[in-house]
Amino acid sequence: MKKITLVLAVFCSMFLSSCAVHEGMTSNLNNNTTEVVLAKNNYKILERVQGESQANYIFGFGGLSRNGLIAEAKANMLENADILGSSKAIINETVEYKSSIFPFFGSKKVIVSAYIVEFTN
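Residues numbered from 1 in each chain as written. Predicted model: local features only at pLDDT ≥ 70, side-chain atom pairs only at ≥ 80, totals over all residues. Heavy atoms only, no water.

Undergrad: Quick question: what am I supposed to make of the nonpolar core here?
TA: Generally speaking, nonpolar side chains in soluble globular proteins are found buried as a group. In this structure, V49, M77, A81, V95, V110, V112 and I116 are the most contacted members of the largest nonpolar core, which totals 15 residues. Mapped by element, the contributors of at least two residues to this core are β2 (43-58), α2 (66-81), β3 (88-101) and β4 (105-119). Of all the elements, α2 adds the most residues to this core, at 5 residues. For A81, the residues in contact, after removing those within four places along its chain, are V49, I90 and I116. (Core = buried A, V, L, I, M, F, W, Y, C linked by side-chain atoms within 4.5 Å. Buried < 20%, exposed > 50% of the residue type's maximum accessible area, 1.4 Å probe, protein only. Helix = DSSP H or I, 4+ residues; strand = E, 2+ residues; numbered from the N terminus. Contact = heavy atoms within 4.5 Å.)

Here's what the structure looks like:
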């Protein structure tokens, strides 16, 4: 009886547990040539916007690469920002990366967030 209990405990601990990793990348990862200088009081911060992207993996297959997830999340964020044709800009872009691993299944999620500023002068 003790052997069955031990085997059941090992089985539950191995196959019903998971691991998750969360990583925030706050460095400037984009290589844009546009520069926004916020030295004067000629702007106001309007809102915070974000975009998400997620991929699921079964036995390690499926989903998108890490760069593809970041690009998709960034495109989603820019779509939510609606800054085309106005005097608005995106600042303080942050990329958050979360990976969850189960025995046969895994998922990766990327969240890109930033603030929208509007120039008044």
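Undergrad: Help me understand the environment of S107 in this model?
TA: When you line up the elements, S107 lands in strand β4. On the accessibility criterion, S107 (14% relative accessible area) is buried. On a C-alpha basis, the gap between S107 and G62 in space is 9.7 Å, while along the polypeptide they are 45 residues apart. Those residues in contact with S107 that sit more than four places away from it in its chain are Q54, A55, N56, Y57, K98, S99 and S100.

Undergrad: I'm lost on unusual backbone geometry in this one. Help?
TA: Note on backbone geometry: most residues besides glycine have negative phi, and most peptide bonds are trans. We note that D82 has phi near 50 degrees; this positive angle belongs to a residue other than glycine. Relative to the helices and strands, D82 resides in the loop between α2 and β3. Although it is not a glycine, N92 sits at a positive phi angle of roughly 50 degrees. With respect to the element layout, N92 can be found in strand β3.

Undergrad: Mind showing me how you'd approach a nonpolar patch on the surface here?
TA: A contiguous nonpolar surface patch, about 680 Å² in accessible area, is contributed by I58, F59, F61, F102, F104 and F105. Along the chain, the position of F102 falls in the loop between β3 and β4. Take F102: its relative accessible area is 36%, and that puts it in the partly exposed class. (Patch = residues over 30% accessible without salt bridge, like charges linked within 9 Å, V, L, I, M, F, W, Y side chains within 5 Å. Areas by Shrake-Rupley, 256 points an atom, 1.4 Å probe, with all protein chains shown as cover. Salt bridge = Lys/Arg side-chain N within 4 Å of Asp/Glu carboxyl O.)

These results come straight from atomic positions and should not be treated as a statement about function.
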